[in-house]
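Geometric and topological summary
Listed below, chain by chain, are the residues.
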Amino acid sequence: MNRTIRTTEDVLTLLDGLFPPAEPFWDRFYADRSAGRPFFAPKPDENLAHYLDRGLLAPGRALDLGCGNGRNAIHLASLGFEVDAVDLSATAIAWAEERAREAGLGLDTGTGTGTGTGTGTGTGTGPRFHRASIFEAELPHTRYDLVYDSGCLHHLPPHRRVSYLALLDRVLAPGGHFAVTAFAAGATGSERPDEELYRLGALEGGLAYSPDELRSLFRGFTPLEIRPMAAQDPDSALFGVPFLLTALFQRTVSLRPAAHP
Ligand SMILES: C[S@@+](CC[C@H](N)C(=O)[O-])C[C@H]1O[C@@H](n2cnc3c(N)ncnc32)[C@H](O)[C@@H]1O
């Protein structure tokens, strides 16, 4: 059959096919733990730690998009957040579950689709890990107080921003926070215009975003802080590299009265 496009999702899926698939890249990436990538270390992002320290975020339900080996999800769970964490890579999810156990956090495997090998020996409740695309994960909640993304957005092809905004719209509670770290334009990442990426058929290792581009992309939300990530010393308890941009947004509480049938 040649005439396959009928829905918007069909168009998005067709466009996905113009780029190399995300897997098995990430599985291989996380399989080599000795590679010593800075974000392999079990440390939370410095910006996330500072939002928490400054009381900008309070424990509630959190969703970590593209959680990798779980370093931010585990930090949030250790502070009392109820966390769902999603990643495409089975290798990354298995590592995240291992880390949660090592941190003494029991794994809630009830509704997640992770490897489900957690024995839950700790006293705190660990994140629920889901091995899935962020666009397809079956989440136990419909609303989250915090949606956190460290380094996932910049690996998505441009058309998937449409799906990403729809996801935020679906899962972020009114008044809830959304925070993202992404390659900083001028520091790293591809600065080609979106259209050129389709002609090239490559994301060139990830897309760079400027503060204005993040502000424009997430213009439905109130920007609270947009700044470069603060570089951290290797012995710091926090993760921080200067080539990432960090941004914190809040979803406006709607003042519109609820519609009556
Ligand atoms: C640069 S890593 C960051 C991992 C983690 N957030 C951290 O900061 O340590 C990007 C992650 O996004 C995941 N990812 C990319 N596209 C995804 C998608 N569509 N759905 C779920 N995860 C995705 C990859 O598997 C990878 O683990």
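If you're wondering where the values come from, they're calculated on a predicted model, not measured in any experiment.

**So, the nonpolar core**
Counting 32 residues, the largest nonpolar core has V147, L153, Y164, F178, L214 and F218 as its most contacted members. The set of elements that each furnish at least two residues to this core consists of β1 (61–65), β6 (144–150), α6 (160–171), β7 (172–183), α8 (211–217) and β9 (244–250). With residues up to four places along the chain from it excluded, the contact list for V147 reads L63, L65, L168, V171, L172, H177, F178 and A179. Ranked by size, the runner-up nonpolar core spans 22 residues in total, among them L48, F81, A85 and F129.

**Focus on helix α4 (residues 71–78)**
Burial analysis of α4 places six of its eight residues in the buried class, which makes it a mostly covered element. Of the residues making up α4, those classed as buried are R71, N72, A73, I74, L76 and A77.

**Let's talk about a nonpolar patch on the surface**
A contiguous nonpolar surface patch, about 320 Å² in accessible area, is contributed by I5, V11, L14 and L18. When you line up the elements, L14 lands in helix α1 (residues 8–16). By relative accessible area, which is 45% here, L14 ends up partly exposed.

**Structural notes on the state of the cysteines**
In total, this model carries zero disulfides according to the counting rule given. The thiol of C67 is unpaired, and the distance to the nearest cysteine sulfur, on C152, comes to 9.4 Å. Overall, C67 belongs to the buried group, its relative accessible area being 7%. Classification of C152 as buried rests on a relative accessible area of 14%.

**Observations regarding the layout of surface pockets**
One number sums up the size of the second largest pocket: a volume of about 230 Å³. Along the walls of the second largest pocket sit 13 residues, with R161, D194, A208, Y209 and E213 positioned nearest its centre. When grouped by side-chain class, the residues that make up the lining of the second largest pocket number six nonpolar, two polar and five charged.

**What about the site of the ligand?**
By nearness alone, 18 residues border the ligand, and G66, R71, D87, I134 and S150 come closest of all. G66 is positioned with one of its backbone polar atoms (N or O) 2.6 Å from a nitrogen atom of the ligand. One of the side-chain N or O atoms of R71 is found 2.7 Å from an oxygen atom in the ligand. For the ligand, the accessible surface in isolation is 590 Å², of which the surrounding protein chains cover 95%.

**Details of the environment of V253**
Of note, V253 is situated in the segment after β9. Along the backbone, V253 and G176 are 77 residues apart, and their C-alpha atoms lie at a distance of 8.4 Å. Once you skip the residues sitting within four places of it in the chain, V253 turns out to touch P174 and G175.

**Remarks on the packing of aromatic side chains**
Considering all chains together, one arrives at 19 aromatic pairs under this definition. A ring pair is formed by F29 and F40, whose centres lie 5.6 Å apart and whose planes are at 90 degrees; its orientation type is edge-to-face. With F29 in helix α2 (residues 25–31) and F40 in the loop between α2 and α3 (46–53), the pair connects residues that are 11 residues apart, well separated along the chain. Side by side, F29 and F40 carry an identical accessibility label, which is buried. Here a set of aromatic residues connected by ring pairs shows up, and it is made of F25, W26, F29, Y30, F39, F40 and W95. Across from the ring centre of F239, 4.5 Å away, lies the NZ or CZ of R71, which sits over that ring.

**What about the sheet that holds β6?**
Reading across the sheet, the seven strands line up as β5-β2-β1-β6-β7-β9-β8 and stay open at both edges, with mixed pairing between neighbours. Of all strands in the sheet, those bounded by a partner on one side alone are β5 (128–131) and β8 (222–228). When the angles between neighbouring strand axes are averaged without regard to direction, this sheet yields 15 degrees. Pairing between strand β2 (residues 82–87) and β5: four bridges, direction parallel. Looking at β5, one finds that D84 is bridged to R128. Contacting β1, β6 and β7, α6 runs over the sheet at an angle of about 145 degrees to β7.

The rules behind the values
Residues numbered from 1 in each chain as written. Predicted model: local features only at pLDDT ≥ 70, side-chain atom pairs only at ≥ 80, totals over all residues. Heavy atoms only, no water. Core = buried A, V, L, I, M, F, W, Y, C linked by side-chain atoms within 4.5 Å. Buried < 20%, exposed > 50% of the residue type's maximum accessible area, 1.4 Å probe, protein only. Helix = DSSP H or I, 4+ residues; strand = E, 2+ residues; numbered from the N terminus. Contact = heavy atoms within 4.5 Å. Patch = residues over 30% accessible without salt bridge, like charges linked within 9 Å, V, L, I, M, F, W, Y side chains within 5 Å. Areas by Shrake-Rupley, 256 points an atom, 1.4 Å probe, with all protein chains shown as cover. Salt bridge = Lys/Arg side-chain N within 4 Å of Asp/Glu carboxyl O. Disulfide = S-S within 2.5 Å. 1 Å grid on protein atoms, 1.4 Å probe; cavity = no way out; pocket = protein on both sides within 12 Å on 5 of 7 lines; lining within 4 Å. Points joined across faces, edges and corners; volume = space filled by probe spheres on them. Nonpolar A, V, L, I, M, F, W, Y, C, P; charged D, E, K, R; others polar. Near = heavy atom within 4 Å. Polar contact = N/O pair within 3.5 Å; in protein donor to acceptor, adjacent residues only side chain to side chain. Phe/Tyr/Trp six-rings, centres within 6.5 Å; stacked < 30°, edge-to-face > 60°. Lys NZ or Arg CZ within 6 Å of the ring centre and 35° of its normal. Pairing = 2+ DSSP bridges. Axes fitted to C-alpha atoms, helices over the stretch in contact; angles between N-to-C directions.

No statement about biological role is implied by the geometric values presented.
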